[in-house]
Amino acid sequence: MSTALTDLFPHPIVQAPMAGGVSVPHLALAVSEAGGLGFLAAGYKTADGMYQEIKQLRGLTTKPFGVNLFMPQPDTADPAAVDVYAHQLAGEAAWYEAELGDPESGRDDGYDAKLAVLLDNPVPVVSFHFGVPAPEVLESLRRAGTLTLVTATTPEEALAVQRAGADGVIAQGVEAGGHQGTHRDLAENDGSGLGLLSLVAQIREAVALPIVAAGGIMRGSQIAAVLAAGAQAAQLGTAFLITPESGANALHKRALTDPLYGRTLLTRAFTGRPARSLVNRFLREHGPYAPSAYPEINHLTAPLRKAAAKAGDAQGMALWAGQGHRMAREMPAAQLIEVLVAELAATGVPSCVGGGAG
């Protein structure tokens, strides 16, 4: 098994690319400088916006980092269901004095333009969410000197990642905050996600790729557990969301440890795709009726979520969080990595578990 990926960073810690303004250059900088692998999130940005963040980060560090892309989504939404949901949200729009967004605002997230930028200006690692890129895309990135990772939520998806020619797989357990990276969004699969340790073990037996384990990881002992299960590194999102370098809204950061938000649920309420959020009023009222329609619902609710944040109302925001959110520790990102590394070392599990020459 190749160690090309883990050779890039001394500690088996990857900062999850959290879209929506959370994974800003200064967060990726702090993580990479501390010996982890920092990530920029290109999701919901223009190709130029992505390029400017890459340029900024490169001006601050020579350490390796990654960029995450969202895969274009098939047009499978039922327009009638989207219209019904829009009517259900009329009260929210009136309350926040905001217009609903246009559900037909685009579905490819500027994928081709972003790929072109990354081929012209290669970065060390590119990861993909919501599907598997074409083999020729992965090969073109390899020729440019870029390692590639693709999210998988089942062993079958991991096999598809391997067949396409990616350099590694991100095993995303159901515990993870934010969007599940399922390759096909099927409503009948809601609630059937695999827990991380079971998923890592099954993917380890299914493919020969290096595994980055993601989902609810907040402590060094949990990193040790996924390494022992066969992963080469752990990806943490919620743990870094609360750091001062994170670009998350202050309301979002406070909510992570606020007893008012005691649990999380996977919901389609905010985007039309299953995503794990702290349970708030918006999720409770609209989650049961939200259709399977991404990115249409994401476009539709975006102005509402923005208006709620502007009004200081966390009850109307998408408060993405993993199941371990109550374990979040408010400290600088570099200090968090130092603490995680010490906790990992205390377990006695070698940080190179699962690796090997390739």
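Here is a short report on the structure shown in this document. (Residues numbered from 1 in each chain as written. Predicted model: local features only at pLDDT ≥ 70, side-chain atom pairs only at ≥ 80, totals over all residues. Heavy atoms only, no water.)

This part is about the nonpolar core. Membership of the largest hydrophobic core comes to 103 residues, with the highest contact counts inside it found for Val67, Leu69, Phe128, Ile203, Ile223, Leu236 and Phe240. Membership of the second largest hydrophobic core comes to 12 residues, among which are Leu5, Phe39, Leu147 and Leu149. (Core = buried A, V, L, I, M, F, W, Y, C linked by side-chain atoms within 4.5 Å. Buried < 20%, exposed > 50% of the residue type's maximum accessible area, 1.4 Å probe, protein only.)

A few words on the packing of helix H2 (residues 47-58) against helix H5 (residues 111-120). Describing two packed helices takes the angle between their axes plus the distance from one axis to the other. For the pair H2 and H5, the least separation of the axes is 9 Å and the interaxial angle reads 30 degrees. As judged from the angle between their axes, H2 and H5 are roughly parallel. Classified by chirality, the crossing of H5 by H2 is right-handed. Each of Ala47, Met50, Tyr51 and Ile54 in H2 lies in contact with H5, whose residues at this interface are Ala113, Lys114, Val117 and Leu118. (Axes fitted to C-alpha atoms, helices over the stretch in contact; angles between N-to-C directions. Helix = DSSP H or I, 4+ residues; strand = E, 2+ residues; numbered from the N terminus. Parallel < 35°, antiparallel > 145°, perpendicular 65-115°, else oblique. Left-handed = near helix turned anticlockwise from the far one by under 90°. Contact = heavy atoms within 4.5 Å.)

Moving on, we come to the side chain of Ser23. Residue position: Ser23 is located in the loop between strand S1 (13-15) and helix H1 (25-33). Engagement of the side chain of Ser23 in a polar contact is seen with the backbone oxygen of Ala16, the distance being 3.3 Å. Reaching out from Ser23, the side chain makes a polar contact with the backbone nitrogen of Met18 at a distance of 2.6 Å. (Polar contact = N/O pair within 3.5 Å; in protein donor to acceptor, adjacent residues only side chain to side chain.)

Turning to the pairing of strand S4 (residues 125-129), a few remarks are in order. Burial analysis of S4 places five of its five residues in the buried class, the great majority of the element. Both strand S3 (residues 65-70) and S4 contribute to a ladder of five bridges, which runs parallel. Among the inter-strand pairings, Asn68 is bridged to a residue of S4, identified as Ser127. (Pairing = 2+ DSSP bridges.)

Backbone hydrogen bonds are what pair the strands of a sheet, in a parallel or an antiparallel way. With parallel pairing, eight strands are arranged side by side in an open sheet as S1-S9-S8-S6-S5-S4-S3-S2. A single partner strand is all that each edge strand has here, and the edge strands are S1 and strand S2 (38-41). Across the sheet, the axes of successive neighbouring strands diverge by a mean angle of 25 degrees, strand direction being ignored. Where helix H9 (residues 220-229) meets the sheet, its contacts fall on S1, strand S8 (211-214) and strand S9 (233-236), and the angle it forms with S9 comes to roughly 135 degrees.

What follows concerns the pattern of salt bridges. The final tally for this structure, using the stated rule, is 12 salt bridges. Where Lys114 meets Asp109, a salt bridge forms, and the shortest distance between an N and an O atom there is 3.0 Å. Since its relative accessible area comes to 1%, Lys114 is described here as buried. Of the charged contacts, one joins Glu343 and Arg329 as a salt bridge, the two residues approaching to 2.6 Å between their closest N and O atoms. Remark: Arg329 occurs in the loop between helix H13 (296-310) and helix H14 (333-347) and Glu343 occurs in helix H14; sequence separation between them is 14 residues. Here the residues in one salt-bridge network are Glu139, Arg142, Arg143 and Asp167, joined through shared partners. (Salt bridge = Lys/Arg side-chain N within 4 Å of Asp/Glu carboxyl O.)

Right, let's talk about the packing of aromatic side chains for a bit. Within the structure shown, the criterion is met by six aromatic pairs. Aromatic pair Phe270 and Trp320: ring centres 5.7 Å apart, planes at 85 degrees, arrangement edge-to-face. Taken together, the residues Phe270 in the loop between strand S10 (264-267) and strand S11 (275-278) and Trp320 in the loop between H13 and H14 connect sequence positions 50 residues apart. Accessibility classification places Phe270 together with Trp320 in one group, the buried group. A network of ring pairs unites the aromatic residues Tyr44, Phe70, Phe130 and Tyr294 as a single cluster. (Phe/Tyr/Trp six-rings, centres within 6.5 Å; stacked < 30°, edge-to-face > 60°.)

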